[in-house]
Amino acid sequence: QVQLVESGGGLVQAGGSLRLSCAASGRTFSSYYVAWFRQAPGKAREFVGAISRSGSSTTFADSVKGRFTISRDNAKNTVYLQMNSLKPEDTAVYYCAAHTSYSGSVSGNYNYWGQGTQVTVSS
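This structure is a prediction, so every number in the text was calculated from the model and none was measured. Each chain has its residues counted from 1, following the order in which its sequence is written. Local features in this predicted model are restricted to residues whose pLDDT is 70 or higher, and side-chain atom pairs enter the listing and the counts only when it is 80 or higher, whereas totals over whole chains, interfaces and linings include all residues. Computation of side-chain values covers all heavy atoms of the structure but excludes hydrogens and water.

A. Representation of the environment of K43 within the structure. In this fold, K43 is placed in the loop between β4 (33-39) and β5 (46-51). Summary of the burial criterion: residues with accessible area below 20% of their type's maximum are buried, those above 50% are exposed, and those between are partly exposed, where the area comes from a 1.4 Å probe applied to protein chains only. On the basis of relative accessibility, which here comes to 58%, the residue K43 falls in the exposed class. C-alpha separation for the pair K43 and A92, spaced 49 residues apart in sequence, amounts to 9.5 Å. The way it works is that DSSP assigns letters per residue, a run of H or I at least four long becomes a helix, a run of E at least two long becomes a strand, and they are numbered from the N terminus.

B. Spatial organisation of the pattern of salt bridges. Any carboxyl oxygen of Asp or Glu within 4 Å of a side-chain nitrogen of Lys or Arg constitutes a salt bridge here. Under the counting rule described, the total for this entry stands at 4 salt bridges. Of the charged contacts, one joins D90 and R38 as a salt bridge, the two residues approaching to 2.8 Å between their closest N and O atoms. Here D90, found in the loop between β8 (78-83) and β9 (92-99), pairs with R38, found in strand β4; they are 52 residues apart in sequence, far enough to count as distant. Judged by its relative accessible area of 0%, D90 is buried. In this structure, the salt-bridge partner of D90 is R67, at a minimum N-O distance of 2.7 Å. Taken together, the residues D90 in the loop between β8 and β9 and R67 in the loop between β6 (58-60) and β7 (68-73) connect sequence positions 23 residues apart. Both residues of the pair, D90 and R67, belong to the buried class.

C. Structural context of the environment of A61. By the element assignment, A61 lies in the loop between β6 and β7. When the C-alpha positions of A61 and V48 are compared, they lie 5.3 Å apart, and in sequence the two are 13 residues distant. By the convention used here, residues are in contact when the closest approach between their heavy atoms is within 4.5 Å. Ignoring any residue separated from it by four or fewer positions in sequence, one finds A61 in contact with F47 and V48.

D. Quick look at the pairing of β9. Most of β9 is tucked away: 7 of the 8 residues are buried. Bridging between β4 and β9 involves 7 bridges; their strand directions are antiparallel. Each residue of the ladder has a partner; that of R38, found in β9, is Y94. DSSP bridges decide pairing: two strands pair if at least two such bridges lie between them. Sheet topology note: the β9/strand β11 (residues 117-122) ladder contains 3 bridges and is antiparallel. Looking at the pairing, V93 lines up with Q118 of β11.

E. Region of interest: the sheet that holds β8. Ordered by their spatial adjacency, 4 strands build an open sheet running β1-β3-β8-β7, and the pairing between neighbours is antiparallel. Both outer strands of the open sheet, β1 (4-7) and β7, are each paired with one neighbouring strand and no more. Across the sheet, the mean angle from the axis of one strand to that of its neighbour is 15°, orientation sign disregarded. Across 4 bridges, β1 lies against strand β3 (residues 18-24) in antiparallel orientation. Counterpart to V5 in the pairing with β3 is A23. Comment: axis = line fitted to C-alpha atoms, over the contacting stretch for helices; angle = value between 0 and 180 degrees taken between N-to-C directions.

Printed below as a string of structure tokens:
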């Protein structure tokens, strides 16, 4: 079992950057495939991107491709979401999620979730 805690959210102007962190408990964090999702008010939860267990492979939603990157430090049990060139439409609560198997972009496939961190991008 793993517990996830996101941090790093805040208020930023359009064009700015933020780095979110997803810190995990447990000694086997490297066994988990980790994804980021986001949910804006009144909208469904949306896949942002994901990273493989080793960190060698990442995938992103088209809406953030080229602007966001994901990395992980398994020694620190942490996954990072670097967000650059932020836009007002990136405003949402951002969640990290984990599963021991490849789970793609479907939120229902993930069985471990953090509490979320708010990102607000002003125009």
